[in-house]
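Residue-level structural notes
For reference, the chains in residue letters:
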Amino acid sequence: MVEVKILSGTNSSYLAEKIADYYGNPLCDVKMNRFSDGEMQPVINESVRGAYVFFIQSTFPPAENLMELLLLIDAAKRASAGYVTAVIPYFGYARQDRKDQPRVPISAKLIANLLEAAGANRIMTMDFHADQIQGFFDIPVDHLKSEAIYIPYLQEQAMDNIIFASPDVGGVKRARSYSKHFRTELVICDKYREKANQIAGMTVIGNVEGRDVILVDDMVDTAGTLCRAADIIMEKGATSVRAICTHPILSGKAYENVENSALTELIVCDTIPLKQSSPKIKVLSTAKLFARAIRNTHEHRSISALFVD
């Protein structure tokens, strides 16, 4: 069988090391040289000729890490790698997936074009902000779901009075998958924004009185929406409010917002490293899931077998 090579970008090594450990292969030796003006020159210090190469790199902050990933892919293709997969646990610019006002880019499509132009044969990621981004690619996309991590964790908590909530209308489909699995009801928090990251108003649709509520979202940025939703849900008579969010961007006053909110716990994945610790934030690792997905890809087995029904 063709050899597997797992490589890491500079800022994703914390996760790549765990993935490689679960897979059973050491990380490939990569050196990142920099010119005096800041330009990057990645050097792969071992042969990748004919190999299945998996580059692990989230795009946070997007510009620097994305450029590094593109250069690494180009280096591997020029070194005659057999098949290149870009493993992007957090896919940046995914919030810009459509033209929602005049004279703005569709950035997610541009990033897809860049990855294909660099030479990627396949993309592996987790929880796109919008599922339709898969259609921006003309190469295979393995879209892993964090449900495979969160559902077993929630089952271990043995909460009997659980109910799931979406912090906005756009996340209803995501929250509904949990409510269907646990055979419980769904609550929606309908919000109105006057501008980005600022909420003008919010209404809770559904009964949360006496329930243990779990808010479901794909990412948490400033945590303003999440914390506002948690506070309003508690005002409506909920027993407790937790949140599960795959990508912990946590910018601005996010940590302060979380700690001062009604949230009992914020559970996130390690697709993005935390900038600081918080007693309210718990991190679950994606490493085992990505390692299994890499093995299934290499062995031409189903990726959907990794999803929770």
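Look above for the structure.
This text gives an overview of the structure that appears in the document. Since we're looking at a predicted model, the values are computed, not measured.

Parameters at a glance
Residues numbered from 1 in each chain as written. Predicted model: local features only at pLDDT ≥ 70, side-chain atom pairs only at ≥ 80, totals over all residues. Heavy atoms only, no water. Pairing = 2+ DSSP bridges. Helix = DSSP H or I, 4+ residues; strand = E, 2+ residues; numbered from the N terminus. Axes fitted to C-alpha atoms, helices over the stretch in contact; angles between N-to-C directions. Contact = heavy atoms within 4.5 Å. Phe/Tyr/Trp six-rings, centres within 6.5 Å; stacked < 30°, edge-to-face > 60°. Buried < 20%, exposed > 50% of the residue type's maximum accessible area, 1.4 Å probe, protein only. Lys NZ or Arg CZ within 6 Å of the ring centre and 35° of its normal. Arc of directions from axis to C-beta. Polar contact = N/O pair within 3.5 Å; in protein donor to acceptor, adjacent residues only side chain to side chain. Core = buried A, V, L, I, M, F, W, Y, C linked by side-chain atoms within 4.5 Å. Salt bridge = Lys/Arg side-chain N within 4 Å of Asp/Glu carboxyl O. Parallel < 35°, antiparallel > 145°, perpendicular 65-115°, else oblique. Left-handed = near helix turned anticlockwise from the far one by under 90°. Nonpolar A, V, L, I, M, F, W, Y, C, P; charged D, E, K, R; others polar.

**Here's the deal with the sheet that holds strand β5 (residues 83–88)**
- The sheet built from five strands is open, its strands ordered β1-β4-β5-β6-β7 with parallel pairing. Two strands close off the open sheet at either side, each with one partner strand: β1 (4–8) and β7 (141–144). Within the sheet, the average angular offset between the axes of one strand and its neighbour, ignoring direction, is 15°.
- Each of β1, β4 (52–56) and β5 touches helix α2 (residues 62–78); the most contacted strand, β5, lies at about 165° to it.

**Some thoughts on the packing of aromatic side chains**
- Per the counting criterion, the structure on display carries five aromatic pairs.
- Aromatic pair Phe164 and Phe182: ring centres 5.4 Å apart, planes at 40°, arrangement tilted. Here the residue Phe164 occupies a position in strand β8 (residues 162–166), and Phe182 occupies one in the loop between α5 (172–181) and β9 (186–195), the gap between them amounting to 18 residues.
- For Phe164, a relative accessible area of 0% puts it in the buried group.
- The positively charged end of Arg295 is found above the aromatic ring belonging to Tyr23, 4.1 Å away from the centroid.

**Here's the deal with α5**
- Of the positions making up α5, those classed as buried are Val172, Arg174, Ala175, Tyr178 and Ser179. The buried residues of α5 all sit within an arc of 165° when viewed along its axis, so they share a single face. In this structure, α5 carries Lys173 and Lys180 as exposed residues pointing more than 90 degrees from its buried face.
- One or two steps after α5, the chain reaches Arg183, where phi turns positive at roughly 55°.

**Some remarks on the side chain of Asp97**
- Inspection of the secondary structure assignment puts Asp97 in the loop between β5 and α3 (107–118).
- A polar side-chain atom of Asp97 sits 2.8 Å from a polar atom in the side chain of Arg98.
- Not counting residues up to four positions away in its chain, the partners in contact with Asp97 are Ile106, Ala108, Ala130, Gln132, Ile133 and Phe136.

**Description of the nonpolar core**
- Ranked by internal contacts, the top residues of the largest apolar core, which has 38 residues, are Ile19, Leu144, Leu154, Tyr178 and Ile244.
- Once you skip the residues sitting within four places of it in the chain, Leu144 turns out to touch Met124, Thr125, Met126, Asp127, Leu289, Phe290, Ala293, Ile303 and Phe307.
- Ile73, Ile88, Ala118 and Ile123 belong to the second largest nonpolar core, which has 33 residues in total.

**Concerning the pattern of salt bridges**
- Considering all chains together, one arrives at 16 salt bridges under this definition.
- A salt bridge links Glu299 to Arg301; the nearest nitrogen and oxygen atoms lie 2.7 Å apart.
- Members of the salt-bridge network, linked through shared partners, are Glu3, Lys5 and Glu46.

**A few points about the environment of His298**
- Examined against the element boundaries, His298 turns out to sit in helix α8 (residues 287–298).
- Taking the relative accessible area as the measure of exposure, His298 reaches 7% and is therefore buried.
- For the pair His298 and Val213, spaced 85 residues apart in sequence, the C-alpha separation works out to 40 Å.
- For His298, the contacting residues outside a window of four places in its chain are Met1, Val2, Val4, Tyr23 and Tyr52.
- Among the polar contacts made by the side chain of His298, one reaches the side chain of Tyr23 at a distance of 3.5 Å.

**A closer look at the packing of helix α1 (residues 13–23) against α8**
- Between α1 and α8, whose axes approach to 8 Å, the crossing angle comes to 55°. As the angle between them shows, α1 and α8 are arranged oblique. Judged by the twist between their axes, the crossing of α1 over α8 is right-handed. Contact residues: Leu15, Lys18, Ile19, Tyr22 and Tyr23 in α1; Ala287, Lys288, Phe290, Ala291, Ile294, Arg295 and His298 in α8.

**So, the packing of α2 against α3**
- In contact at an axis separation of 8 Å, α2 and α3 are set at 25° when each is read in the N-to-C sense. Of the possible angle classes, the one that applies to α2 and α3 is roughly parallel. On α3, the residues touching Leu66, Leu69, Leu70, Ile73, Asp74 and Lys77 of α2 are Ile111, Leu114, Leu115 and Ala118.
- Taken together, the residues of the contact of α2 with α3 sort by class into eight nonpolar, no polar and two charged.

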